Amino acid sequence: MPLAGDGNLKVISAFFLIPRQADLDETFSVLPRMSYAQPFLDKPQRTDVLLMSPWLAPIMWEGTFNRDILNTQYRQKNLVVGVATFAVKKYVRFIEGFLRSVNIFFLSGHRVNFYLFTDHPEKVPSMKLAPEKRLFIIPVESYSRWQDISMNRMDIISSYIRNRWRYEVDYLYSMDIDVQLFEHIGVEIIDTLVGTISSWQYTKPRENNSYERRPESRAAIPRGEGDFYYAASFYGGSVSEVYKLTTACFKGVTEDRANGIEAKWHEESHLNKYLLYHKPTRLLSPEYYWDDELIRPPIIKVKRLSSVRKNLKEVRS
């Protein structure tokens, strides 16, 4: 930038502005009048649990939000949420229980597209869903090993986002088929990038979590690092962020395969590596994926979602 001085021009610095355009739309929505308990800064709703991560991502617990306010705000945005789930081989037995529970408890009153991948479309039961919910049955090939089914989910989700879902939904969540919901899971889960903290490892120090530690794996997390351990059974976010996540994770899976390596907990290991270096913007507490084999401590006030009890060896054979 030239400056006038004693007749000589001097350049003290040069820089370029990147063009930006702010949205100056003057239309806006107004919340209706509502009656609810007043919040107070000196009266936190929960003092027994961590409510905010060190990077300022909220952690969802029972008693920390008002669903009526959230629902009112959410409806003004006219959004559609997608859920991807896989029922391959013997896992088709869990389809009916899954659909019945999500129809009642998942984003009740809001638009949801369920994308069910299965190698047995003919075994999907006929079921009437709520008017705002739609089911899409998508045939998919089976694999000889359950580990391959698990790890290829990332690739399938990434491909469908790129070719289809980015035109159909605003947010997308991946959820295991062998689960049932027992309490409402609502719009408190909606955010840019969302991870669910594992019910098995939420009190463990990072040294004892089930991260992949072998440096030769693309899922490796160096010792001394790690925030929370996230469950691959339930994660999601905006379509664009889930696309980045699934694409990156499957790339890691592919590179591991080329090197003859399989991560300790398959795609879940790659998910944890990704979420360590791409921090989630919202965390779901273990309420959102509780394992019934565990004794529920007082901090788990509700069990929203839980895996179905089963003989893992038999169902995976």
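Up top you'll find the structure we're talking about.
*Asks:* Looking at this structure, I do not really get the overall build of the chain. What am I missing?
*Replies:* Looking only at helices and strands, the chain has six helices and twelve strands in total. Taken across its 317 residues, the chain has 47% of its residues classed as buried. Put simply, 74% of the contacts in the chain that link residues at least 6 apart link residues at least 24 apart. Split by element, the accessible area of the chain, about 17,500 Å² in all, is 53% carbon and sulfur.

*Asks:* How should the layout of surface pockets be read in this particular structure?
*Replies:* Approximately 380 Å³ is the volume found for the second largest pocket. Lining the second largest pocket we find Tyr 36, Ala 37, Gln 38, Pro 39, Phe 40, Lys 43, Gln 45, Thr 64, Phe 65, Asn 66, Ile 69 and Leu 70. Tallied by class, residues from the lining of the second largest pocket come to seven nonpolar, four polar and one charged.

*Asks:* Help me understand the pairing of strand S10 (residues 230-238) in this model?
*Replies:* Along S10, nine of the nine residues are buried, which leaves the element largely enclosed by surrounding structure. By the bridge criterion, five bridges tie strand S7 (residues 171-175) to S10 in an arrangement that is antiparallel. Each bridged residue has a counterpart across the sheet, and for Met 175 the counterpart in S10 is Phe 234. The pairing of strand S9 (residues 193-197) with S10 spans four bridges and is antiparallel. Within the sheet, the bridge partner assigned to Gly 195 lies in S10 and is Tyr 235.

*Asks:* Can you help me understand the nonpolar core in this one?
*Replies:* The biggest cluster of nonpolar side chains holds 36 residues, and the ones touching the most others in it are Phe 117, Ile 157, Trp 165, Leu 245 and Leu 271. Of all the secondary-structure elements, those providing two or more residues to this core are strand S4 (81-87), strand S5 (112-118), helix H3 (146-163), S9, S10, helix H4 (239-258) and helix H5 (267-277). Sort the elements by how many residues they give to this core and H4 lands first, with six residues. Here Trp 165 is in contact with Ala 84, Tyr 115, Phe 117, Ile 138, Ile 157, Tyr 160 and Leu 172, once residues within four sequence places are set aside. Counting residues in hydrophobic clusters, the runner-up holds 35 residues, among them Ala 87, Tyr 91, Leu 181 and Phe 234.

*Asks:* Quick question: what am I supposed to make of the sheet that holds S7 here?
*Replies:* Within a sheet, adjacent strands bond to each other through the backbone by hydrogen bonds, running parallel or antiparallel. Pairing in this open sheet of eight strands is mixed, and the strands run S3-S11-S9-S10-S7-S4-S5-S6 from one edge to the other. Each having just a single partner strand, strand S3 (59-60) and strand S6 (133-139) make up the two edges of the open sheet. Along the sheet face, H5 touches S9 and S10 and points at about 50 degrees away from the line of S10.

*Asks:* Is there a simple way to explain the packing of H4 against H5 in this structure?
*Replies:* Between H4 and H5, whose axes approach to 9 Å, the crossing angle comes to 125 degrees. Relative to H5, H4 is oriented oblique. In the crossing of H4 with H5, the sense of the turn from one axis to the other is right-handed. Two secondary-structure elements touch here, H4 through Glu 241, Lys 244, Leu 245, Ala 248, Cys 249, Gly 252, Val 253 and Asp 256 and H5 through His 270, Leu 271, Tyr 274 and Leu 275. Residues of the contact of H4 with H5, tallied by class, amount to seven nonpolar, two polar and three charged.

*Asks:* What's the story with the packing of aromatic side chains in this structure? I'm lost.
*Replies:* Each aromatic ring pair is characterised by the separation of its centres together with the angle its planes make. Under the criterion given, the structure shown has 13 aromatic pairs. A ring pair is formed by Tyr 91 and Phe 94, whose centres lie 5.5 Å apart and whose planes are at 55 degrees; its orientation type is tilted. For the residue pair Tyr 91 and Phe 94, the accessibility class agrees, reading buried in each case. Three or more aromatic residues link up through ring pairs in this structure, and these residues are Phe 86, Tyr 115, Phe 117, Phe 136, Tyr 160 and Trp 165. Sitting over the face of the ring of Phe 136, Arg 164 holds its NZ or CZ atom 5.2 Å from the ring centroid. The ring of Trp 55 is capped by Lys 279, whose NZ or CZ atom sits 4.8 Å from the centre of that ring.

*Asks:* Just checking my understanding: could you explain unusual backbone geometry for this structure?
*Replies:* Negative phi is the rule for most residues except glycine; trans is the rule for most peptide bonds. Look at Leu 56: it is not a glycine, yet its phi comes out positive at around 70 degrees. Mapping Leu 56 onto the fold places it in the loop between strand S2 (9-11) and S3. Judged by its relative accessible area of 66%, Leu 56 falls in the exposed class. One non-glycine residue with positive phi stands out, namely His 266, at about 60 degrees. Inspection of the secondary structure puts His 266 in the loop between H4 and H5.

About the cut-offs
Residues numbered from 1 in each chain as written. Predicted model: local features only at pLDDT ≥ 70, side-chain atom pairs only at ≥ 80, totals over all residues. Heavy atoms only, no water. Helix = DSSP H or I, 4+ residues; strand = E, 2+ residues; numbered from the N terminus. Buried < 20%, exposed > 50% of the residue type's maximum accessible area, 1.4 Å probe, protein only. Contact = heavy atoms within 4.5 Å. Areas by Shrake-Rupley, 256 points an atom, 1.4 Å probe, with all protein chains shown as cover. 1 Å grid on protein atoms, 1.4 Å probe; cavity = no way out; pocket = protein on both sides within 12 Å on 5 of 7 lines; lining within 4 Å. Points joined across faces, edges and corners; volume = space filled by probe spheres on them. Nonpolar A, V, L, I, M, F, W, Y, C, P; charged D, E, K, R; others polar. Pairing = 2+ DSSP bridges. Core = buried A, V, L, I, M, F, W, Y, C linked by side-chain atoms within 4.5 Å. Axes fitted to C-alpha atoms, helices over the stretch in contact; angles between N-to-C directions. Parallel < 35°, antiparallel > 145°, perpendicular 65-115°, else oblique. Left-handed = near helix turned anticlockwise from the far one by under 90°. Phe/Tyr/Trp six-rings, centres within 6.5 Å; stacked < 30°, edge-to-face > 60°. Lys NZ or Arg CZ within 6 Å of the ring centre and 35° of its normal.

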